[in-house]
Amino acid sequence: VQHLGMGRFSHEAAAVDALRRVVYLSEDEPDGLFYRYVYPSTGLLGGLLQAALLADDGSVTWLPVPDPSAATVQCRLQVPATVFRGGEGLCIMDGRVVFLTTKGDNRVWRYDIPGERMGVVYQPSPGSVLSGVDNITVTPGHDLLVCEDGGNMEVVAVELNGAATPIMRLTGQPASEMTGVTVAPDGRRVYVGSQRAISTSRGIVYEVSGPFPW
């Protein structure tokens, strides 16, 4: 079902906060925005699309997007919201925190839902092990697993203090990217895809068994 109310733009990822009836959305553009769609109890129809404006102190104001269908003006040009450089992965931790990756600056962002504040969890520095940030998920131990699109083709564990440690690396597939990382409900297996492992249209999904540190 097409939901133009959720915005017509270069959608990358979505993360659902079912308790508050909100869908968080990333935009894969160099000058993209970070959106949320607040929907009614009756379903996804008739909701409100908003874009995040981040203040210097980290507080977030959500600005309504006047025309989510982008009939004449692209969504990201309709409001004076904060630019997030190439929005990629999204995930939610404990229903309280949203994490967003942006490939243009290799950052991992954290949005505190109840406090409506946002900041950077990880940003690269000389010698950083994580680059080409892409898909992201949360482990049972509250670490983040971030896929690399490029870099060393690794999945990197990022702690909430910003420390980053590679936990697996894919070799022999230089034209591919790591994608779709997720952790099994029991925490004992990690699944991750190599998007172009075999050809431009054929990939591989790997199952990696633990034990893991979480």
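How each quantity is defined
Here the residue numbering is sequential within each chain, running from 1 through the sequence in written order. Selection of residues for local features in this predicted model requires a pLDDT of at least 70, selection of side-chain atom pairs for listing and counting requires 80 or more, and totals for whole chains, interfaces and linings are taken over all residues. Here the side-chain values reflect all heavy atoms present in the structure, with hydrogen atoms and water set aside. We count a stretch as a helix when DSSP gives it H or I for four or more residues in a row; a strand needs E for two or more, and each element gets its number in order from the N terminus. Think of it in three bands: with a 1.4 Å probe and only protein chains considered, a residue is buried below 20% of the maximum accessible area for its type, exposed above 50%, and partly exposed in between. Residues are treated as being in contact if the distance between any of their heavy atoms lies within 4.5 Å. Charge assignment: positive for Lys and Arg, negative for Asp and Glu; neither His nor the chain ends contribute. All charge positions are set by atom: Lys at NZ, Arg at CZ, Asp at CG, Glu at CD. Two strands pair under a simple rule: DSSP has to find at least two bridges between them. Note on geometry: axes are lines fitted to C-alpha atoms, helical ones only across the stretch in contact, with angles between N-to-C directions running from 0 to 180 degrees. For this analysis, a ring pair means two rings from Phe, Tyr or Trp (six-membered ring only for Trp) whose centres lie within 6.5 Å, classed as stacked if their planes differ by under 30 degrees, edge-to-face if by over 60, and tilted for the remaining angles. As used in this structure description, the phrase polar contact means that two N or O atoms lie within 3.5 Å; if the pair is within protein, one of them must be able to donate a hydrogen and the other to accept it, and residues adjacent in sequence are counted only when both atoms belong to side chains.

> So what exactly am I meant to see when it comes to the overall build of the protein chain here?
When helices and strands are tallied, the protein chain shows zero helices and 16 strands. Projected onto its principal axes, the C-alpha coordinates of the protein chain cover approximately 45 × 40 × 35 Å. Expressed as a percentage of its 214 residues, the buried residues of the protein chain come to 46%. Contacts in the protein chain between residues far apart in sequence, at least 24 positions, make up 41% of those at least 6 positions apart. Computed over 16 positive and 23 negative side-chain charges, the inter-centroid distance for the protein chain is 3 Å.

> Before we go on, may I ask you to explain the sheet that holds strand β7 (residues 97-102) in this structure?
In any sheet, the strands associate via hydrogen bonds between backbone groups, in a parallel or an antiparallel arrangement. Read across the open sheet, the four strands follow the order β6-β7-β8-β9; overall the sheet is antiparallel. Both edges of this open sheet fall to β6 (87-93) and β9 (117-122), since each of them pairs with a single strand only. Going across the sheet, the axis of each strand differs from the next one's by a mean of 25°, ignoring polarity. One ladder, built from five bridges, connects strand β8 (residues 107-112) with β9; its direction is antiparallel. Note on β9: the bridge partner recorded for Arg-110 is Gly-119.

> So what exactly am I meant to see when it comes to the side chain of Asn-135 here?
Take Asn-135: it is sitting in strand β10 (residues 133-138). Residue classification places Asn-135 among the buried residues on the basis of a relative accessible area of 16%. Those residues in contact with Asn-135 that lie beyond four places of it in its chain are Gly-89, Leu-145, Val-146, Cys-147, Thr-179, Gly-180 and Val-181.

> Teacher, can you tell me more about the sheet that holds strand β11 (residues 144-148) here?
The four strands are arranged β10-β11-β12-β13 in an open sheet whose pairing can be described as antiparallel. Each edge of the open sheet carries a strand with a single partner, namely β10 and β13 (164-169). The mean inter-strand angle of the sheet, taken between neighbouring strand axes irrespective of direction, is 30°. Bridge analysis of β10 against β11 gives four bridges, and the strand direction is antiparallel. Considered in β11, the bridge of Thr-137 is made with Leu-145.

> Explanation requested: the pairing of strand β1 (residues 11-17) in the structure shown.
A regular strand places its side chains on the two faces of the sheet in alternate fashion. Relative to strand β2 (residues 22-27), β1 is paired through five bridges, and the arrangement is antiparallel. Its bridge partner lying in β2, Val-16 is registered against Val-23. Between the end of β1 and the start of β2, which pair antiparallel, lie four residues, with Arg-21 showing a positive phi angle near 55°.

> Looking at this structure, I do not really get the packing of aromatic side chains. What am I missing?
Working definition: an aromatic ring pair is given by the centre-to-centre distance plus the angle between the planes. Here the structure, examined in full by the defined rule, presents 10 aromatic pairs. Ring centres of Phe-212 and Trp-214 lie 4.7 Å apart, and the angle between their planes is 15°; this geometry places the pair in the stacked category. Taken together, the ring pairs in this structure connect Tyr-24, Phe-34, Trp-62, Phe-84, Trp-109 and Tyr-111 into an aromatic cluster.

> Help me understand the side chain of Glu-177 in this model?
As for its placement among the helices and strands, Glu-177 is situated in the loop between β13 and β14 (178-183). Residue classification places Glu-177 among the buried residues on the basis of a relative accessible area of 8%. At a separation of 3.3 Å, a polar atom in the side chain of Glu-177 contacts the side chain of Arg-196. Those residues within four positions of Glu-177 in sequence are excluded, and the remaining contacts are Asp-134, Glu-148, Asp-149, Met-153, Gly-193, Ser-194, Gln-195 and Arg-196.

> Can you help me understand the environment of Ser-59 in this one?
By the secondary structure assignment, Ser-59 is in the loop between β4 (48-54) and β5 (60-64). Exposure remark for Ser-59: the relative accessible area of 22% places this residue in the partly exposed category. Distance from Ser-59 to Ser-26, taken between C-alpha atoms, is 19 Å for residues 33 residues apart in sequence. Sequence-distant contacts of Ser-59, defined by excluding residues within four places in its chain, comprise Leu-53, Leu-54, Glu-116 and Arg-117. A polar contact is formed between the side chain of Ser-59 and the side chain of Asp-57, at a distance of 2.7 Å.

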